[in-house]
Every structure is written in C-alpha cells, then in structure tokens.
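A closer look at the structure
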Amino acid sequence: MSRHLVSTGSPFEKAAGYSRAVIDGDFAFVAGTTGYDYATMTMPADVTSQSRNCFKTIEAALKEGGFAMADIVRATYYITDPKDADAHFAVCGEVLGDIRPAATLLVVAGLYKPEMKIEIEVTAKHRTA
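Anyway, here's the lowdown on the structure attached to this text.

What counts, and where the lines are drawn
- Sequence order sets the numbering: in each chain, residues are counted from 1 along the sequence as written.
- In keeping with the model being predicted, local features are shown solely for residues with a pLDDT of at least 70 and side-chain atom pairs are shown and tallied solely at 80 or more, while totals for entire chains, interfaces and linings include all residues.
- Each side-chain value is derived from all of the structure's non-hydrogen atoms; neither hydrogens nor water enter the calculation.
- Here a helix means four or more residues in a row that DSSP labels H or I, a strand means two or more in a row labelled E, and each is numbered from the N terminus.
- Throughout this description, buried means an accessible area under 20% of the type-specific maximum (1.4 Å probe, protein chains only), exposed means over 50%, and partly exposed covers the range between.

This paragraph deals with unusual backbone geometry. Phi is mostly negative for residues that are not glycine, and the peptide bonds are mostly trans. Located in the positive-phi region is Met41, a residue other than glycine, with phi close to 55°. Relative to the helices and strands, Met41 resides in the loop between β3 (27-34) and α2 (47-64). Looking at Met41, the relative accessible area reads 41%, which means it is partly exposed. Of note, the phi angle at Arg100 is positive, near 50°, even though the residue is not glycine. With respect to the helices, strands and loops of the structure, Arg100 is situated in the loop between α3 (85-96) and β5 (102-107). Arg100 gets classed as exposed once you look at its relative accessible area, which sits at 70%.

Structure follows, in structure tokens:
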C-alpha cells in the first residue's frame, strides 16, 4: 500500500504544510485535530463539544483512509486547563470505552489559538485476523 494523505478541508492544512492524516501501510497517523466543526467552521466554547468534534474529525479521516475507530492503538490528548480533564475523559469513555487505546494526557500552556481547549492525535493499525 502506498502512502496516502488525508485532508479534512481545513485551510490551515495547506498553509501549514501538514495532513490531517497520513496512511502508510497498515498504519494511520492522525494529528493536529482540534475542536472545530468543519461544517460550520466554528469552535464551541466548551471542552466537551470540542472533544466530540475532535473525535468526529478523527473518525472521518480514519474512514477515508480505510480504517475504523476500533483500529486506534494510541491516543495523545493536549489540554490547556487541567480542570477540563474529567469532561474530556467522559467523552473518551463514550467514544473509546471498548477500544481502550494506550493514551496520554498532557496539560500544555496553550494551543495555536486561544479558543482551542483540546488537541488530539491518534495512531491506528489495521487489525489482523
């Protein structure tokens, strides 16, 4: 399988020279996923909605590359306020509860824009029988 680049239509992807996801063989690498709703290009104010939007974007990128959410083996979460961790983890439980990837949460001083409360990156691997 050749390398395949996945875009979610964010104008920042081309300007910053990155892909939402890179599919390479049995692996998918999805990064730079923040809480924008790409249908409306709006950012909700709360971390719960931002987290849900991140996972919707991740799911769409994985699907375009021929992967499913169940293929996620690793997740890294970057949040700007430790008080948002429990709300974010509640969304993780809804979305990833049965998948249970290895995961890390980091509290960072800030993300690219101040309205961004969370950024998520995941690695997925096609499951073999």
